Amino acid sequence: MRRIFKFSNVKVMVGAAIAGTKEGEGPLSANFDVIEHDAYFGQKSWELAEGELQSQTASLALQKASLNSEDVDIVICGDLEDQCFASSKGAMRSASSMLGIYGACSTMSEALLVSSMAISGGFAKRVMSLTSSHFCAAEKQFRFPLEYGAQRPQTSQWTVTASGAIILEHGEEENGVYITRGMIGKPIEMGITDANNMSAAMAPAAKDTICEFLKLSGESPENYDLILTGDLGKEGSRLMKELATEEGVDLSGVHNDCGLMIYDTERQDVHSGGSGCGCSASVVASHILNEMKSGRLKRILYVATGALLSATSALQGQPITGIAHLVEMEVR
Amino acid sequence: MDKNEYKKYAKKTAAKSPVLKDCVIAFLVGGGICCIGQAFSSLYSYVGLGDDTVTTFVPITMIFLGGLFTVLGLYEKLAKYAGAGTIIPITGFANSIVSPAIEYKTEGLILGVGAKMFVIAGPVIVYGTLASVIYGLIYYFFGGAV
């Protein structure tokens, strides 16, 4: 059964984001804590590079919060690499205990949901949600070698090289940004098999989670400053809004998408927009938290979307299952 | 919208590649690569190499250039605009072998470079060989009669 989880006392302590060169050339450049121009992050392989990226982001978040690794009860982390290799490398330096999760590009909202449950349920005092993606590691695993000469279809998305970390803590009455409610996504498969159009597979899941949440909570889109999806890009955002309109929900004035925000889609040649676990994570952990802390955004829904395919399932022509997890964030 | 309708709708309304522009660029670049090959052929004939040697040296030269431009990171940049124009000529074949060799260097010389080198070109070799066998059989049985 779909249900809304109501969280109490889940406060956002700090966010940290590290991004690569291309992301650093995008519109959110000034918001990232660090822009790293070495795509290898000083490592020998793309897989290790992503691990290092995630590790540095986690350390940075601890440093910004003036904490050491023992002060955080759980690190909940994920990425796109096989068996979440980057996370197991990335959490090494900063986790006293670790939960690895996989939700493709929806991993950050999934991590925030599980983190909020742990804090709200009284099982942890501080939890870090941490995800990453790396363009080169993702290309190697899901598509072609980097130097292979192939054209990308217009519906394809560009995997973001970035990582975002958010430390949540048990907070009582202090002012700040709180995670107030959440909803776990339903896996939805609508027959889309094209791995170059993953956002078409994710759009129905995003529509479902948003519309179900609004229906069950009795809220309307106007009650929010922003309904932020993660990585639907141009294609998926259009489809999602059209599907919502069919159900009588107009999201046009209030919706934006992390995959559209992180790049200048006209200038940066990313076709439909950005994607990857690190995309919405780095956008929310930097730009969105800054906007909330400065009061420009007061109440938002963050709905990261994931395309649950593997390199093998894509080769077998299996339809892609989409998922979207939601968290409600509020300034108090 | 049910599943079938959605699938069709998503496909129908998806952003399309500029096919005409892609074809024109593919034609020009692919043609350009072939002209370079022809120039080498003429050059080798001019310096006095025999026909057999020329037909061996031209592919060797073009494969070398395809590999070189892949390593320099330029082939992929050209291919982004040229598409089939850079895939079809023999330089594209070189690119499809050299690019995984670079990518899988980190997995070692045996299971990385050695095993993965043909991950893209493998099917071309397999089905190219198969097609040549079929052609050979047809030629063997009916070649004399034609």
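Visitor: Describe the overall build of chain B, and please don't skip the residues or the numbers.
Guide: Helix and strand counts for chain B come out as eight helices and zero strands. From first element to last, N terminus to C terminus, chain B shows the α and β order α-α-α-α-α-α-α-α. The C-alpha atoms of chain B give 20 Å as radius of gyration, which overshoots the globular expectation for 146 residues (15 Å, by more than 25%). With the C-alpha coordinates aligned to their principal axes, the bounding extent of chain B is approximately 70 × 50 × 40 Å.

Visitor: Describe the domain arrangement of chain A, listing the residues and the values that go with them.
Guide: Frequently, the measure chosen for interface size is the accessible area that the parts lose on association. Residues and elements named next belong to chain A. Domain boundaries assigned for chain A yield domain 1 (8–170) and domain 2 (177–331). With 54 residues of domain 1 in contact, the opposing surface of domain 2 contributes 57 residues. Buried surface at the junction of domain 1 and domain 2, summed over both partners, amounts to about 4200 Å²; 63% is from carbon and sulfur atoms. Together, C105, T155 and Q157 form the three largest contributors to the area buried by domain 1 at its contact with domain 2, with a combined 17%. For the interface between domain 1 and domain 2, the tally reads zero salt bridges. In this structure, the connection of domain 1 to domain 2 is made through 20 residue pairs in polar contact (both at pLDDT 80 or more). Residue assignment for the side of domain 1 that touches domain 2 shows that the elements contributing at least two residues are β2 (10–19), α1 (21–24), α4 (107–120), β6 (126–133), α5 (135–142), β7 (158–159) and β8 (162–170). Here the residues of the side of domain 1 that touches domain 2 are counted per class, giving 25 nonpolar, 21 polar and eight charged.

Visitor: A description of the nonpolar core should follow, citing residues and the corresponding values.
Guide: Residue and element names in this part refer to chain A. I166, I179, I288, Y302 and M329 are the most contacted members of the largest nonpolar core, which has 50 residues in total. For this core, the element with the highest residue contribution is helix α9 (residues 277–293), accounting for eight residues. If you count residues domain by domain, this core takes at least three from each of domain 1 (8–170) and domain 2 (177–331). If near-sequence neighbours (up to four positions away) are discounted, I166 is found in contact with V12, V14, G15, M108, L112, V127, M128, S129, V284, A285 and L289.

Visitor: Please set out the packing of aromatic side chains residue by residue, giving values where relevant.
Guide: Throughout the structure, instances matching the rule amount to seven aromatic pairs over all chains. Judged by centre distance (4.8 Å) and plane angle (50°), the rings of F144 of chain A and Y148 of chain A are tilted. Its relative accessible area of 39% is what places F144 of chain A among the partly exposed residues. Taking the relative accessible area as the measure of exposure, Y148 of chain A reaches 12% and is therefore buried. By the ring-pair criterion, three or more aromatic residues cluster together here, those being F40, Y44 and F57 of chain B. In this arrangement the basic side chain of R332 of chain A is found over the ring face of Y178 of chain A, its NZ or CZ atom lying 4.8 Å from the centre. One cation-aromatic arrangement involves K116 of chain B over Y104 of chain B; the distance from NZ or CZ to the ring centre is 5.2 Å.

Visitor: Go over the environment of L53 of chain A with me, naming the residues and quoting the values.
Guide: With respect to the secondary-structure elements, L53 of chain A resides in helix α2 (residues 46–64). Between the C-alpha atom of L53 of chain A and that of A162 of chain A, which follows or precedes it by 109 residues, the distance is 7.4 Å.

Visitor: Summarise the pattern of salt bridges; cite the residues concerned and give the values.
Guide: All names here are of chain A. Under the counting rule described, the total for this entry stands at 22 salt bridges over all chains. One salt bridge connects E219 with R299, and the closest N-O pair in it is separated by 2.8 Å. A residue pair is termed long-range when its members are at least 10 positions apart, and E219 in the loop between α6 (198–217) and β11 (226–230) and R299 in strand β14 (residues 299–308) qualify at 80 residues. Judged by its relative accessible area of 18%, R299 is buried. Where R299 meets E330, a salt bridge forms, and the shortest distance between an N and an O atom there is 3.1 Å. In this pair, R299 is assigned in strand β14 and E330 in strand β15 (residues 321–331), connecting sequence segments 31 residues apart. Residue R299 shares its accessibility class with E330, and that shared class is buried. When salt bridges that share partners are traced, they join R181, E219, R299, E328 and E330 into one network.

Visitor: Just give me the short version of the interface of chain A and chain B, but keep the residues and values in it.
Guide: The partner chain B presents 33 residues to the 32 residues of chain A that form the contact. The largest share of the area that chain A buries against chain B comes from K140, E147 and Q151 of chain A, three residues that together contribute 25% of it. Between the two partners, chain A and chain B, sit three salt bridges. For the pair chain A and chain B, the interface holds 15 residue pairs in polar contact (both at pLDDT 80 or more). When residues of the side of chain A that touches chain B are traced back to their parent elements, those giving at least two are α2, α5, α6 and α7 (233–246) of chain A. Per-element tally for the side of chain A that touches chain B: the top contributor is α7 of chain A, with six residues.

Visitor: How would you sum up unusual backbone geometry? Please name residues and give values.
Guide: Residues and elements named next belong to chain A. The phi torsion at N9 lies on the positive side, around 60°, for a residue other than glycine. Structurally, N9 is set in the loop between β1 (5–6) and β2. At D231, a position not held by glycine, the phi torsion is positive, near 75°. Inspection of the secondary structure assignment puts D231 in the loop between β11 and α7. You can call D231 buried: its relative accessible area is 0%.

Visitor: Explain the pairing of strand β9 (residues 177–183) of chain A to me, using residue names and the numbers behind them.
Guide: Residue and element names in this part refer to chain A. In terms of burial, β9 is largely enclosed, as seven of its seven residues are buried. Here β1 runs beside β9; their pairing, made up of two bridges, is antiparallel. Each residue of the ladder has a partner; that of F5, found in β9, is G182. As defined by bridge partners, β9 adjoins β15 across six bridges and the pair is classed as antiparallel. Opposite R181, over in β15, you have E328 as the bridge partner.

Visitor: Quick rundown of the side chain of E291 of chain A? Include the residues and the values.
Guide: Residues and elements named next belong to chain A. Mapped onto the secondary structure, E291 falls in helix α9. Exposure remark for E291: the relative accessible area of 16% places this residue in the buried category. Setting aside residues no more than four positions away along its own chain, E291 makes contact with R296 and L297.

What counts, and at which threshold
Residues numbered from 1 in each chain as written. Chains lettered and ligands numbered in written order. Predicted model: local features only at pLDDT ≥ 70, side-chain atom pairs only at ≥ 80, totals over all residues. Heavy atoms only, no water. Helix = DSSP H or I, 4+ residues; strand = E, 2+ residues; numbered from the N terminus. Rg over C-alpha atoms; globule rule 2.2 N^0.38 Å. Domains from an automatic or database assignment. Contact = heavy atoms within 4.5 Å. Buried area = accessible area lost by both parts, 1.4 Å probe. Salt bridge = Lys/Arg side-chain N within 4 Å of Asp/Glu carboxyl O. Polar contact = N/O pair within 3.5 Å; in protein donor to acceptor, adjacent residues only side chain to side chain. Nonpolar A, V, L, I, M, F, W, Y, C, P; charged D, E, K, R; others polar. Core = buried A, V, L, I, M, F, W, Y, C linked by side-chain atoms within 4.5 Å. Buried < 20%, exposed > 50% of the residue type's maximum accessible area, 1.4 Å probe, protein only. Phe/Tyr/Trp six-rings, centres within 6.5 Å; stacked < 30°, edge-to-face > 60°. Lys NZ or Arg CZ within 6 Å of the ring centre and 35° of its normal. Pairing = 2+ DSSP bridges.

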